[in-house]
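# An overview of the molecular structure
The residues making up each chain are set out below.
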Amino acid sequence: MKLLKDILYGVSLSAVSGDTGVMVNQIHFDSRKVEMDDVFVAIRGTVTDGHEYIQKAIDLGARAIVCEELPELVVNGVTYLQVNDCNSALAVIASNFYENPSKNLKLIGVTGTNGKTTVTTLLYNLFKKAGFKVGLISTIKVLVDDIVHKATHTTPDVITINDYLSKMNDVGVEYCFMEVSSHGIHQKRAEGLYFEGAIFTNLSHDHLDYHKTFAEYRDTKKKLFDGLPKTAFALVNIDDKNGPVMLQNTKAKKYTYALKSFADYRAQILEKQFNGQLLKVDENELWSKLIGDFNAYNLLAIYATADILGLEKMEILRLMSELENVDGRFQYYISKERITAIVDYAHTPDALKNVLVTINALRTGNENVITVVGCGGDRDKSKRPVMGHIASEMSDQAIFTSDNPRTESPKTIIEEMETGVEPQNTRKVLSIENRRQAINTACKLAMANDIILVAGKGHETYQETNGVRVDFDDFKEVKEALKSLKK
Ligand SMILES: CC(=O)N[C@H]1[C@@H](OP(=O)(O)OP(=O)(O)OC[C@H]2O[C@@H](n3ccc(=O)[nH]c3=O)[C@H](O)[C@@H]2O)O[C@H](CO)[C@@H](O)[C@@H]1O[C@H](C)C(=O)N[C@@H](C)C(=O)N[C@H](CCC(=O)O)C(=O)O
Ligand SMILES: Nc1ncnc2c1ncn2[C@@H]1O[C@H](COP(=O)(O)OP(=O)(O)OP(=O)(O)O)[C@@H](O)[C@H]1O
Ligand SMILES: N[C@H](CCC[C@H](N)C(=O)O)C(=O)O
Ligand SMILES: [Mg+2]
């Protein structure tokens, strides 16, 4: 139990009705989870408004209510706290409740359209190899040093984040690497946290269903940097035209990285092969198993971060050469017929293009590239024709299929992808709604030395349709399909 007054420290209250000297149990923003003596924070969401559930929360035992508008009916014995912004208030309350766990470790936030999971996961792996206790908050999983927790979001809600950070404090975690999504920033899931630094990977087309314009999407990402204190560092990819924008108003110490421009940290790609690439980083050579120019950027971001955080340069490079691909990111299998299957989480136009550029650059002869790809339902629809265009233009054969249809019709999503296909490419496109069939067809069509790319779902182990998740793992599917081929 905590004293309500204590967890309100730093919250700007516009009105208070009732006693703040009472003991409270837990904080919730979902009325359905409220129990005796809990605090309920009413959040205005995208579907409904938490203010409508205040009475429900009280019926379940809420001791205090945090809201932007006081209800007409005020219940005796309940404390009402009126604030301007419930999301911000929740962030401060959650940090106070857990005793500001982000202050007791070095928290590094990574934002950008693509590369967040890759950069955070590889930083986690590198710091583990260097002997530290480390935390990870990512799309794939949450790690409290070695303890694995299931991830529900790329950036969880602010109560969950503080809960994980507090668990990290308990086991002595020194560094935590956390993905900060644009939804997360917009919904203030990362507010009230003390960041040691933030990293910007890149910005390209995504989430225009939620943010409406690209400028709004960019400015949301920028807020992470605007909020950094001057003791923190801000590391940005300066080859991305929005890199300088992120640094415009930050008080943090600024660092840049680039392959093409002048920057604090620079790398050059010396050699590219299917099983790795050779980079020149700070006048030293680094052989990495991760391929693709985009991974050269990710690797450079990791090198720069480890250097800023004080690791020794040669040690960083030695540990980096041991890093493996992250699950579902350019994860490959080569069959006995020498057909290569690559599973990649490319679910944005830029990621799909980058992966196909990487694959095409590795072709040595007349092998075909067959791409199996879909687009998620209930997400940015404007990505669909663009991804359809890229897949059909940059592959010899494209098979459009379902990703996670969610509540949309898979057929309609595929038709929207088809509208991006140019007339000269239509002969290259097949549309097969069932993802398993689409993958099997790709395997049947493939000849020796061909490359199959299965894009969009990467590490995901399910397919979601109308709220129901059915087990589905692209890597397992394509491997099985290739193994059972009778050629
Ligand atoms: C669009 C979006 O981001 N939605 C998030 C948001 O929910 P919402 O705004 O729809 O909430 P709502 O249903 O309108 O409800 C409003 C409030 O009323 C409360 N409520 C509701 C019903 C009730 O009976 N009682 C009650 O108290 C709700 O708990 C909520 O606080 O707030 C919820 C609580 O934090 C999130 O779980 C939810 O994530 C949904 C599930 C989601 O799919 N989010 C995705 C888009 C997302 O966040 N993705 C990013 C990654 C993006 C990237 O790749 O960059 C992520 O960080 O994961
Ligand atoms: N630095 C990069 N630049 C461009 N594309 C990248 C980069 N890193 C990875 N990608 C591509 O984007 C895909 C997703 O990578 P990753 O999971 O690291 O991104 P993310 O930012 O965490 O995505 P999400 O928003 O879903 O959390 C990869 O499978 C790869 O195709
Ligand atoms: N973090 C991304 C994940 C997309 C993955 C893709 N497989 C899909 O389901 O659309 C998003 O919320 O847009
Ligand atoms: Mg991610």
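Residues numbered from 1 in each chain as written. Chains lettered and ligands numbered in written order. Predicted model: local features only at pLDDT ≥ 70, side-chain atom pairs only at ≥ 80, totals over all residues. Heavy atoms only, no water.

As recorded in an unreviewed UniProt entry, the chain goes by UDP-N-acetylmuramoyl-L-alanyl-D-glutamate--2,6-diaminopimelate ligase and comes from Flagellimonas marinaquae. Under Sequence similarities (unreviewed entry), UniProt gives the following word-for-word description of the chain: "Belongs to the MurCDEF family. MurE subfamily." As recorded by UniProt, the Cofactor (unreviewed entry) comment attached to the chain reads in full: "Mg(2+)". (UniProt positions renumbered as here; feature names shortened; annotations may be inferred.)

On to the site of ligand 1, then. Not every one of the 23 residues close to ligand 1 is listed here, only the nearest: Thr46, Val47, Thr48, Thr154 and Ser181. A distance of 2.7 Å is found between an oxygen atom of ligand 1 and a backbone nitrogen or oxygen belonging to Val47. Thr154 places a polar main-chain atom, nitrogen or oxygen, 2.7 Å from an oxygen atom of ligand 1. For ligand 1, the accessible surface in isolation is 1100 Å², of which the surrounding protein chains cover 76%. Of the residues in the shell around ligand 1, the class split is five nonpolar, twelve polar and six charged. (Near = heavy atom within 4 Å. Polar contact = N/O pair within 3.5 Å; in protein donor to acceptor, adjacent residues only side chain to side chain. Areas by Shrake-Rupley, 256 points an atom, 1.4 Å probe, with all protein chains shown as cover. Nonpolar A, V, L, I, M, F, W, Y, C, P; charged D, E, K, R; others polar.)

Right, let's talk about helix H15 (residues 435-445) for a bit. Residues of H15 that are buried: Arg435, Ala438, Ile439, Ala442 and Cys443. Relative to the axis of H15, the buried residues are bounded by an arc of 135° and lie together on one face. Next to the buried residues of H15 lie strand S21 (369-373), strand S22 (397-400), strand S24 (451-455), strand S25 (462-465) and helix H16 (474-483). At the N-terminal end of H15, a side-chain oxygen is found 2.9 Å from the backbone nitrogen of Arg436, two or three residues along, and the residue is Asn434. (Buried < 20%, exposed > 50% of the residue type's maximum accessible area, 1.4 Å probe, protein only. Helix = DSSP H or I, 4+ residues; strand = E, 2+ residues; numbered from the N terminus. Arc of directions from axis to C-beta. Contact = heavy atoms within 4.5 Å.)

This brings us to the sheet that holds S21. The strand order across the open sheet formed by six strands is S19-S20-S24-S21-S22-S23, and the pairing between neighbours is mixed. In the strand order of this sheet, the two ends are held by strand S19 (331-334) and strand S23 (429-431), each with one partner. For this sheet, the mean inter-axis angle between neighbouring strands, taken without regard to orientation, is 15°. Across five bridges, strand S20 (residues 340-344) lies against S24 in parallel orientation. What sits directly across from Asp344, in S24, is Ala455. (Pairing = 2+ DSSP bridges. Axes fitted to C-alpha atoms, helices over the stretch in contact; angles between N-to-C directions.)

For the rest of this paragraph, the subject is the side chain of Thr348. Its location among the elements puts Thr348 in the loop between S20 and helix H12 (349-361). On the accessibility criterion, Thr348 (0% relative accessible area) is buried. Other than its neighbours up to four places away in sequence, Thr348 contacts Thr113, Asn114, His205, Asp206, Lys383 and Met387.

Quick look at the site of ligand 2 now. Near ligand 2 you find 21 residues, and of these Thr117, Thr118, Asn298, Arg329 and Asp344 are the closest. Between Thr139 and ligand 2, the recorded distance is 2.9 Å, taken from a side-chain N or O atom to an oxygen atom. Between ligand 2 and Asn202, the relevant distance is 3.0 Å, taken from a nitrogen atom to a side-chain nitrogen or oxygen of the residue. Coverage of ligand 2 by the protein chains reaches 95% of its 630 Å² of free accessible surface.

Only Thr117 (OG1), Thr139 (OG1) and Glu179 (OE) from the protein coordinate the magnesium ion (ligand 4), and they sit 2.1 to 2.2 Å from it. Mapped onto the sequence, the residues coordinating the magnesium ion (ligand 4) show the spacing T-x21-T-x39-E. You can see Thr117 sitting in helix H4 (residues 116-129) and its partner Thr139 sitting in the loop between strand S9 (134-137) and strand S10 (141-144), a full 22 residues away along the chain. Each member of the pair, Thr117 as well as Thr139, is classed as buried. (Donors = N, O, S within 2.8 Å, 3.2 Å for Na, K, Ca; no water.)

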